[in-house]
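# Results of the structural survey
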Amino acid sequence: MKLLHPKVISRMMLLPLLMLLSALSLAEYNGLTAEEKGLAIAREADRRDLGWRDSSASMSMLLRNRQGDESLREMRNKSLEVDGDGDKSLIVFDEPRDVRGTALLTFSHRVGDDDQWLYLPALKRVKRIASSNKSGPFMGSEFAYEDISSQEVEKYTYRYLRDETLNGQECFVIERDPVDENSGYSRQVVWLDKAEYRVQKVEYYDRKQSHLKTLTFHDYQQYLDKHWRASRLEMVNHQTLKSTTLTFTDFRFATGLDERQFNQSGLARMR
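All of the points below concern the structure found in this document. Because the structure is predicted, anything quoted here is derived from the model rather than measured.

A separate point is the overall build of the chain. Looking only at helices and strands, the chain features three helices and 13 strands. In the chain, buried positions account for 45% of the 271 residues. For the chain, contacts bridging at least 24 residues in sequence account for 44% of all contacts bridging at least 6. Carbon together with sulfur atoms contributes 51% to the accessible area of the chain, which is approximately 15000 Å² in total.

Right, dumping it as structure tokens:
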């Protein structure tokens, strides 16, 4: 008779406990109002991703117009987790040649306007993105500048809508309404899977309440045994019939990045 390895036995004993804890956490939503439940789900999703410290990745951005013509851009991305505030991020374009060296620096905030600076090599200057322009397209893509910022819980008010199965996964469906009056969106409908609280889909509605865009997340991978990241994001604009695909490779975490790598005065030297 073959004996089970002690680690296998340990995992078998742990599984029922994890299932029980999951059931208890879902049961905690009973009795909450739709607003309270929506906020609780958003907070749990945020809590599960705490502690990643910093990350970097290679990115490609594939742009498609309504005729199906495509253009490709290659970038690098770095992010820094900030205790007590929103995250910081830096995106640098490497290809094609006409956008090489373009860099976007974002300081997200839990409360108040985010800070964003765009360096344009052709002009050799750093341009601050005004709050009133956050709804504008980022480098011709279907992602707005406000989509590039980290999606802090405090940026929205929430309401639970329903449970729904999406692509074979049981999901919470919640509505989140931007607090920022300069947002280009009136509301967003978000699907999060119940297993890991990962965002699976977001529907964006413009200020006229019309369905503007849909963002879907694909090919999630887990890092450091805790943090989930999608390898591919698909943003489709239903009004212009344009779309943008972001693909991420070579994710790295906790590499020792600090505030010095996220400095607006250094944007012009990003290569």
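With that settled, consider the pattern of salt bridges. In this structure the tally under the stated criterion is 20 salt bridges. Between Arg 198 and Asp 193 there is a salt bridge, and its shortest N-O distance comes to 2.9 Å. By relative accessible area, which is 14% here, Arg 198 ends up buried. Within the structure, one salt-bridge network assembled from shared partners comprises Glu 44, Arg 47 and Arg 48.

Okay, the nonpolar core next. Counting 45 residues, the largest nonpolar core has Ile 41, Phe 138, Leu 215, Leu 233 and Leu 246 as its most contacted members. In terms of nonpolar packing, the next biggest core, distinct from the first, is built from eleven residues, Leu 105, Phe 107, Phe 262 and Leu 267 among them.

With that settled, consider the pairing of strand β3 (residues 88-95). Counting buried residues in β3 gives six out of eight residues, a clear majority hidden from the surface. In this sheet, β3 lies alongside strand β2 (residues 70-80) in antiparallel orientation, the contact comprising seven bridges. Across the sheet, residue Met 75 finds its bridge partner in β3, namely Phe 93. Relative to strand β4 (residues 103-107), β3 runs antiparallel, the two being bridged by five bridges. Residue pairing across strands places Ser 89 opposite Thr 106, the latter belonging to β4.

Conventions and cut-offs
- Residues numbered from 1 in each chain as written.
- Predicted model: local features only at pLDDT ≥ 70, side-chain atom pairs only at ≥ 80, totals over all residues.
- Heavy atoms only, no water.
- Helix = DSSP H or I, 4+ residues; strand = E, 2+ residues; numbered from the N terminus.
- Buried < 20%, exposed > 50% of the residue type's maximum accessible area, 1.4 Å probe, protein only.
- Contact = heavy atoms within 4.5 Å.
- Areas by Shrake-Rupley, 256 points an atom, 1.4 Å probe, with all protein chains shown as cover.
- Salt bridge = Lys/Arg side-chain N within 4 Å of Asp/Glu carboxyl O.
- Core = buried A, V, L, I, M, F, W, Y, C linked by side-chain atoms within 4.5 Å.
- Pairing = 2+ DSSP bridges.

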